[in-house]
Amino acid sequence: MRSGDVYVPSSRRYADPASYLFTPAQWEGQREQFCQLVGKPTDARLALEGYKEELAAAMGDLEKVLGNRKAGTGEVRLSPDGELIIPPLSAEDIPAEAAELKEELSDLLPLAPIASLLVELDRRTGFLDCLTHAGGKQTRSPELKRNLLAVLIANATNLGLVRMAEACGISYDILAWTQEWYVREETLSAANAAVVNYHHRLPLTQAFGGGTLSSSDGQRFPVKGKSTTARAMKKYFAGRGLSTYTHVSDQHTTFGTKVIVVTRREAHYVLDEIMGNKTDLPVTEHATDTHGVTLVNFALFDLVGMQLSPRIRDLGKITLYRMDPQRDVNGLWPVAGPLLTQKINMGLIEENWDDLLRLAGSIKFGHATASLIVGKLSASSRQNTLAAALKEYGALRRTVYAARYLADETYRRKIARQLNKGESLHALRRSLLYAHEGAIRHRHLAAQTEQAWCLTLLTNSVVTWTTEYYGLAIAQMRAEGRAVDGELLAHISPAHSENVNFFGTINVEVDTELAKLDPAAAVPPTRLGLMLAVRITRASGPVPPSAVGLVGLRWCGVGRGRGRGPGSRHGGLPRRGSEPPRLEWRLDFMKGSSHGTTFPLPA
């Protein structure tokens, strides 16, 4: 039952794996369209013949590299025992002129507060208009954009609505209402797409990349308090945490964000955001690290017309597969051929070829999510027939990729460079999420997802603003007669925060603050955030309500001695005694505290 060969109708856990796919009747009307879209033949034999030629070309290139007897210690080679040695790539040689140019450009850029940056970017992109009311079309008040920006900054910087209300002067109730009705995953995703599309059209963006290559990686954040998605992982957290899985283009923009449980495998979510890409980025190739790699992913990426290009740890130890007998393979490639130690079950692929296409078509056309399919097919130890065929096909695609990857150092550097772009954006996100030690405080997945999308939106906003101003600065330099080499621009990253102020401004007005101090007080009560309350004690009888009204504050009295006074452990009215009534100001450090500073109330 766990493998899927035997299933229970109407069951969630043990449902028929085919129930997640197009029905045979639905697939009949979609087969030709899908095959034309992804460039796959409907005939399995034609497909396998094409893959055989592709494998032969890749192995031929690898044979040339491994057969080079003059290979140095920094090149891919075979040991005397026939083991594959893959040395790490040396540090990329970045021209000194590129570092100098970036420093000069940063000096030319203004220092922009994050709120001003967002206002300027909204004027160019209109991304705030994508944050629509959940109840449908509503009249947008003049203050709505101000409120939306405050909510976005509160979430992205981790300040929270309470602290943001204190900092910006907008009441908490207004901010909470704005977030409840306007800030949702679908509206944030649409706003992010508007920013990414604008960045994609900027002239300088093409110097970073064409938008065809992307990468994905998880970034882990600690969580404070109880959460439905937080898990303990001592390698990354002192307590508990979660992971945000983001997809990044070669143009330094993030087009996908997903909050996942940190103990789940990232490979299940690699294809989701690419299939659901709402931006204008023409992604055709995707890079990951080892955590995003499975045979199922290799197969699905190829079946939907894309290329998975991971950086695999210990690549020399993985099993490589051949399509012909070992003797024939060794005759064709005497040096590289012995690396192909296992034979592909081509009969299994051929038998299930139409089901493999139907599986990929169900994902491509949005009938099912890739994470659902990958998780289901990878769940059991003994795989069903479709899962076994998918893994065989994935093993073939991984072998072709490994041969290409090992034979081409330029290709390896391209993958490493793209993954480094993702790391630089992780650093920018970490800088943005500065408040409360960068720990997530929301408990539920929906709120955590909204905060993650707010962080992505502001990260892309900073990248877009920096890219645009870099372009203006370069245009000014060229107008002044400076020669700026276009090749140097590929080494300049807009994913930095040197020219953006995330922390707001602090106004220090000594005379104004001193004027607010009570003459009898040593410290200004309200400015220290202490609780102002009324302390009332009396000898006998109830305290008249008018006496409390004299102060105009809610009553929070503190009794004396033992008994049931308002300040005692049990609460209640002040104890009867011989002491006359007295009204006082009291500053309590926390609600219900008996510690504080008492000031006599003026007569």
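On a predicted model such as this, the values are computed, not experimentally measured, just so you know.

Moving on, we get to the overall build of the protein chain. Within the protein chain one finds 20 helices and 15 strands. Split into buried and exposed, the 603 residues of the protein chain put 48% on the buried side. The long-range fraction of contacts in the protein chain, counting pairs at least 24 apart against all pairs at least 6 apart in sequence, stands at 69%. Per element, the accessible surface of the protein chain, about 30500 Å² overall, is 52% carbon and sulfur.

Within this structure, the stated rule accounts for 20 salt bridges. One salt bridge in this structure joins Arg45 and Glu350, with 3.1 Å as the shortest N-O distance. With Arg45 in helix 2 (residues 44–66) and Glu350 in helix 12 (residues 346–351), the pair connects residues that are 305 residues apart, well separated along the chain. The exposure class of Arg45 is exposed, given its relative accessible area of 57%. Across the pair Arg124 and Glu468 runs a salt bridge whose closest N-O atoms are separated by 3.1 Å. Here Arg124 is found in helix 4 (residues 114–125), whereas its partner Glu468 is found in helix 17 (residues 445–479), with 344 residues between them in sequence. With a relative accessible area of 38%, Arg124 lands in the partly exposed category.

Bringing the packing of aromatic side chains into the picture now. Pairs of aromatic rings are described using the distance from one ring centre to the other and the angle between the two planes. Within the structure shown, the criterion is met by 14 aromatic pairs. Each ring, one from Phe502 and one from Phe503, has its centre 6.4 Å from the other, and the planes form 65 degrees; the classification is edge-to-face. For Phe502, a relative accessible area of 5% puts it in the buried group. Its relative accessible area of 55% is what places Phe503 among the exposed residues. Over the ring of Tyr411 we find Arg404; its NZ or CZ atom is 4.8 Å from the centre of that ring.

Ranked by size, the top nonpolar core spans 81 residues in total, and within it Trp353 and Leu390 carry the most contacts. The element that contributes the greatest number of residues to this core is helix 15 (residues 385–407), accounting for 13 residues. In contact with Leu390, other than residues within four places in its own chain, are Leu295, Val296, Ala299, Leu300, Leu303, Leu356, Leu359 and Leu377. Judged by nonpolar contacts, the second largest core, of 68 residues, contains Tyr182, Leu428, Ile440 and Leu488.

Mean pLDDT for the protein chain: 84, with 82% of residues reaching 70 or above. Note on residues 521–603: pLDDT is under 50 here. Beyond four places in sequence and across chains, it has 133 contacts.

In this structure, His252 takes a positive phi of about 75 degrees despite not being glycine. Residue position: His252 is located in the loop between strand 6 (240–249) and strand 7 (254–260). His252 sits in the buried class, given a relative accessible area of 3%.

The subject of this paragraph is the side chain of Ser106. As for its position among the elements, Ser106 is in helix 3 (residues 96–108). In this view, Ser106 contacts Tyr470, His496 and Asn499; residues no more than four positions away in its chain are not counted.

Mapped onto the elements of the fold, Thr284 is located in the loop between helix 9 (272–275) and strand 8 (285–287). In the structure, Thr284 is positioned 72 residues away from Thr212 in sequence and 5.3 Å away in space, judged by C-alpha atoms. Once residues lying within four places of it in the same chain are set aside, the contact partners of Thr284 are Thr212, Met306 and Gln307.

Here Tyr470 is to be found in helix 17. Residue classification places Tyr470 among the buried positions, given a relative accessible area of 1%. For the pair Tyr470 and Leu204, spaced 266 residues apart in sequence, the C-alpha to C-alpha distance is 7.9 Å. Ignoring any residue separated from it by four or fewer positions in sequence, one finds Tyr470 in contact with Lys102, Leu105, Ser106, Leu109, Leu204, Ile492, Ser493, Pro494 and His496.

Parameters and conventions
- Residues numbered from 1 in each chain as written.
- Predicted model: local features only at pLDDT ≥ 70, side-chain atom pairs only at ≥ 80, totals over all residues.
- Heavy atoms only, no water.
- Helix = DSSP H or I, 4+ residues; strand = E, 2+ residues; numbered from the N terminus.
- Buried < 20%, exposed > 50% of the residue type's maximum accessible area, 1.4 Å probe, protein only.
- Contact = heavy atoms within 4.5 Å.
- Areas by Shrake-Rupley, 256 points an atom, 1.4 Å probe, with all protein chains shown as cover.
- Salt bridge = Lys/Arg side-chain N within 4 Å of Asp/Glu carboxyl O.
- Phe/Tyr/Trp six-rings, centres within 6.5 Å; stacked < 30°, edge-to-face > 60°.
- Lys NZ or Arg CZ within 6 Å of the ring centre and 35° of its normal.
- Core = buried A, V, L, I, M, F, W, Y, C linked by side-chain atoms within 4.5 Å.
- pLDDT = per-residue confidence, 0-100.

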